[in-house]
Amino acid sequence: MSKLILLHTSHHLTPIHRRVLNAVVLTPLSKPLLTPFSLSGLHPQCLRSSFSPPLSLRSLSARAFDSSSSSSSSTKEEALKQIDGESGPQGKVNSESVNTGTPDKDYPTGEFQFQKMSSWKSFVVKLRMLIALPWERVKKGSVLTIKLRGQVSDQLKSRFSSGLSLPQICENLVKAAYDPRITGVYLQIESLNCGWGKVEEIRRHILDFKKSGKFILAYVPACGEKEYYLASACQEIYAPPSAYFSLFGLTVQASFVRGVLENVGIEPQVERIGKYKSAGDQLARKTMSEENCEMLTALLDNIYGNWLDVISSTRGKKREDIENFINEGVYQVEKFKEEGWITNIHYDDEVISLLKERLGVQKEKVLPMVDYRKYSKVRQSTVGLSGSKDKIAIIRASGSISRVRGSFSLPGSGIIGEQFIEKIRSVRESKKYKAAIIRIDSPGGDALASDLMWREIRLLAASKPVIASMSDVAASGGYYMAMAADTIVAENLTLTGSIGVVTGKFNLGKLYEKIGFNKEIISRGKYAELLAAEQRSFRPEEAELFAKSAQNAYKQFRDKAAFSRSMTVDKMEEVAQGRVWAGKDAASRGLVDAIGGLSRAVAIAKLKANIPQDRQVTLVELARPSPTLPEILSGIGSSLVGVDRTMKELLQDLTFGDGGVQARMEGIMFQRLEGASQANPIFSLLKDYLSSL
């Protein structure tokens, strides 16, 4: 059985039409299939430290969440503990406690303001360009070309890495706005595999670039909702006569494997806490629950409604007209031109000819162009964007959360708790950083690792401002990390929340009978076989203990979330129960403080650190670009032993670490909302439920 499932893990996700709302990061589990599983998507909300509303407004004792062995904390950390009014014996929030965070409108927007260079600075920049290193030299009058296609990572990329990096895309657009050698930008946008948070960030930078007065054109040979969302921000949109337009609407899907498991003799025994917590549904149910349908419908309405609003505003049409056009099922490129959705129908070479004519380049000459990868090597200082002595650290946390690196995991894959903690401590111990921004793009993972990172972020927040900036998703363990920050910033469509618990084990008794396998256990202790005996169902007393354990885990996370967001437990219960929220809905319910991207997080960090908004700061990325050349070589070696590598990955993915508790968002829903790749549907179905454990 393990070998059967193993063969499926090398594939990604079920093939879904390009229109599907995308958003999946698969999380590593950790024990072989023939062992119990523990699933939980808990995520306490955001803890504010000394820079948040007055501590007297909180009435929950911090002792409930602090290590009893900690005795040498800093003065500010001690101040964090001094909550006005002790909590009751069960650590519940006082009923008068309220969330009194600063309203979103009171935070600085961080909006990009293009400022022309002075004559002296322009002279200095030109001088720097004359003596620039060879790989930083760009011909005057060049057009920056960026191919937006495939996966977009929230991490920095090294020179050996393939794919796109969101930080480098955004930085390139900012540099190009000021670079006198760049006359404009030519975006070639094709099928994207990323969430709506990243799409929103890129679109914001396209709009910012336009403030420079330079042109930015889009070329869309294959165009779905996300691709058009980006293209609509450009001044002109071109498409070839044979372009694939699939603007037909958006969908979400959920798969269920209970029937598959029954057929092979596997009985999932699931304990779910939180009526919206759907991670266990994929194993325990054959159809979607009413609560899960309600949650997914709300998310779908948010994303589709936002798309309609933005496109209608951009195209200067009524929302009803946009929706009617989509419902017509238009696929002819000519129709898009007639209705004003695109500027004109041209092949790529024809668009380049148009650019030559516009820039005064003779037809027989080559249009000077610089691509994304080469331009990424140009330093900001070369174009006059060097910062000041005020430094803000940016610590990126992308992917699934693990406490320690697995034996077979590649460096740079996911969030490794002990490495992340080292970075946090280095920022806390350094005097050169005025503030820190935790950039989160994670559906969660190991609950213990999440809690340890939360503690370190909280200690950091006791000494300097810490802002959490959310990308596509910051749910479960991802949101858990954010709750230690002073302020949480999310995009309108960032997936967040999912405070709930699912845990259980597989009963493989019937499967063992089918394959002729037998297992006998000799044990000491009433509950010694609780997780060891996968060949039978829970005994009554074991089932009761399992249920109580899940309830206890849920209460701890929910109460910590209430404390973090200065809410009552009852109020937090209303937004918890495993429900995933879009960023703007999370903000209206007190789970998020401000809506925006990284630039707004920087502006808020300045505010908290008493740095004037008009003063430039130096952003220091602590994340090492990944992967490195040795990692690439390692990947090549691994590909030579594909089946063996797949088996190792599967065994690692099914392991749950020391404590067995996971703080992760359900994999299937995350997948359907973020991204879909083409794969065998049967293989992907099994991968789906394994990745959501």
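Remember, predicted model here, so these are calculated numbers, not experimental data. (Residues numbered from 1 in each chain as written. Predicted model: local features only at pLDDT ≥ 70, side-chain atom pairs only at ≥ 80, totals over all residues. Heavy atoms only, no water.)

Engineer: Just checking my understanding: could you explain the environment of Thr-496 for this structure?
Structural biologist: Topologically, Thr-496 is positioned in strand β18 (residues 495-497). The exposure class of Thr-496 is buried, given its relative accessible area of 0%. Through-space distance from the C-alpha of Thr-496 to that of Met-470 is 8.7 Å; in sequence the pair is 26 residues apart. Not counting residues up to four positions away in its chain, the partners in contact with Thr-496 are Met-470, Ala-474, Ala-475, Tyr-479, Arg-579, Val-580, Trp-581, Ala-586 and Val-592. (Helix = DSSP H or I, 4+ residues; strand = E, 2+ residues; numbered from the N terminus. Buried < 20%, exposed > 50% of the residue type's maximum accessible area, 1.4 Å probe, protein only. Contact = heavy atoms within 4.5 Å.)

Engineer: Would you mind going over the confidence of the model for the protein chain with me for this structure?
Structural biologist: Parts of the model with low pLDDT should not have their predicted coordinates read in detail. A residue-level look at the protein chain finds 73% of positions with pLDDT of 70 or above and a mean pLDDT of 77. In the model, residues 79-101 has pLDDT below 50 throughout and makes 65 contacts with residues more than four positions away in sequence or in other chains. Counting contacts from residues 668-672, a segment whose pLDDT is below 50, to residues more than four positions away or on other chains yields 35 contacts. (pLDDT = per-residue confidence, 0-100.)

Engineer: Any chance you could explain the packing of aromatic side chains here in plain terms?
Structural biologist: How two aromatic rings sit relative to each other is set out by the distance from centre to centre and by the angle between their planes. Tallied over the full model, the rule gives 14 aromatic pairs. Arranged with centres 5.7 Å apart and planes meeting at 85°, the rings of Trp-196 and Tyr-229 form a pair that is edge-to-face. Here Trp-196, found in helix α5 (residues 196-210), pairs with Tyr-229, found in helix α6 (residues 225-231); they are 33 residues apart in sequence, far enough to count as distant. As far as the burial class goes, Trp-196 and Tyr-229 line up, both buried. Grouped by ring-pair contacts, the aromatic residues Tyr-228, Phe-245, Phe-325, Phe-336 and Trp-341 constitute a single cluster. Above the ring of Phe-215, the side-chain terminus of Arg-358 is found at 5.8 Å from the ring centroid. Stacked on the ring of Trp-454, the Lys or Arg Lys-560 has its end atom at 4.1 Å from the ring centre. (Phe/Tyr/Trp six-rings, centres within 6.5 Å; stacked < 30°, edge-to-face > 60°. Lys NZ or Arg CZ within 6 Å of the ring centre and 35° of its normal.)

Engineer: Can you help me understand the nonpolar core in this one?
Structural biologist: Considering soluble globular proteins, one finds that nonpolar side chains tend to be buried as a cluster. The biggest cluster of nonpolar side chains holds 66 residues, and the ones touching the most others in it are Leu-148, Leu-187, Ile-206, Phe-245, Trp-307, Trp-341 and Tyr-375. In this view, Trp-341 contacts Tyr-228, Ile-237, Leu-247, Trp-307, Ile-311, Arg-315, Lys-317, Ile-322, Phe-325, Ile-326 and Phe-336; residues no more than four positions away in its chain are not counted. (Core = buried A, V, L, I, M, F, W, Y, C linked by side-chain atoms within 4.5 Å.)

Engineer: Which parts of the structure should I look at to understand the side chain of Arg-396?
Structural biologist: In this fold, Arg-396 is placed in strand β11 (residues 391-398). Side-chain polar atoms of Arg-396 contact the backbone oxygen of Asp-154, separated by 3.1 Å. Polar side-chain contacts of Arg-396 include one of 2.8 Å to the side chain of Glu-621. If we skip the residues at most four places from it in the chain, Arg-396 touches Asp-154, Gln-155, Pro-167, Phe-420, Arg-439, Leu-598, Glu-621 and Ala-623. (Polar contact = N/O pair within 3.5 Å; in protein donor to acceptor, adjacent residues only side chain to side chain.)

Engineer: Whenever I open this one, the environment of Cys-223 confuses me. Can you help?
Structural biologist: Along the chain, the position of Cys-223 falls in strand β5 (residues 222-223). Residue Cys-223 is classed as buried on the basis of its relative accessible area of 1%. Sequence-wise, Cys-223 and Leu-247 are 24 residues apart; in three dimensions their C-alpha atoms are separated by 7.5 Å. Excluding residues that lie within four positions of it along the chain, Cys-223 makes contacts with Tyr-228, Tyr-244, Phe-245, Ser-246 and Leu-247.

Engineer: Would you take a moment to explain the pattern of salt bridges for this structure?
Structural biologist: Side-chain pairs of opposite charge can arise where the charged atoms are in close proximity. Under the criterion given, the structure shown has 34 salt bridges. Asp-208 is paired through a salt bridge with Lys-211; the nearest N and O atoms lie 3.8 Å apart. A salt bridge links Glu-621 to Arg-396, with the nearest nitrogen and oxygen atoms 2.8 Å apart. Placement of the pair is Glu-621 in strand β22 (residues 618-621) and Arg-396 in strand β11, with a sequence separation of 225 residues. Connected via shared salt-bridge partners are Asp-154, Glu-201, Arg-204, Arg-396, Arg-439, Glu-491 and Glu-621. (Salt bridge = Lys/Arg side-chain N within 4 Å of Asp/Glu carboxyl O.)

Engineer: How should the side chain of Asn-172 be read in this particular structure?
Structural biologist: Structurally, Asn-172 can be placed in helix α4 (residues 166-178). The buried category is assigned to Asn-172, whose relative accessible area is 1%. Among the polar contacts made by the side chain of Asn-172, one reaches the side chain of Ser-376 at a distance of 3.1 Å. Apart from residues lying up to four places away in sequence, Asn-172 is in contact with Leu-144, Tyr-372, Tyr-375 and Ser-376.

Engineer: Looking at this model, I keep getting lost on the environment of Val-620. Mind explaining?
Structural biologist: By the secondary structure assignment, Val-620 is in strand β22. When the C-alpha atoms of Val-620 and Tyr-433 are compared, they prove to be 8.8 Å apart, with 187 residues separating the residues in sequence. Residues contacting Val-620, with those up to four places away along its chain left out, are Lys-391, Ile-392, Ala-393, Ile-394 and Tyr-433.

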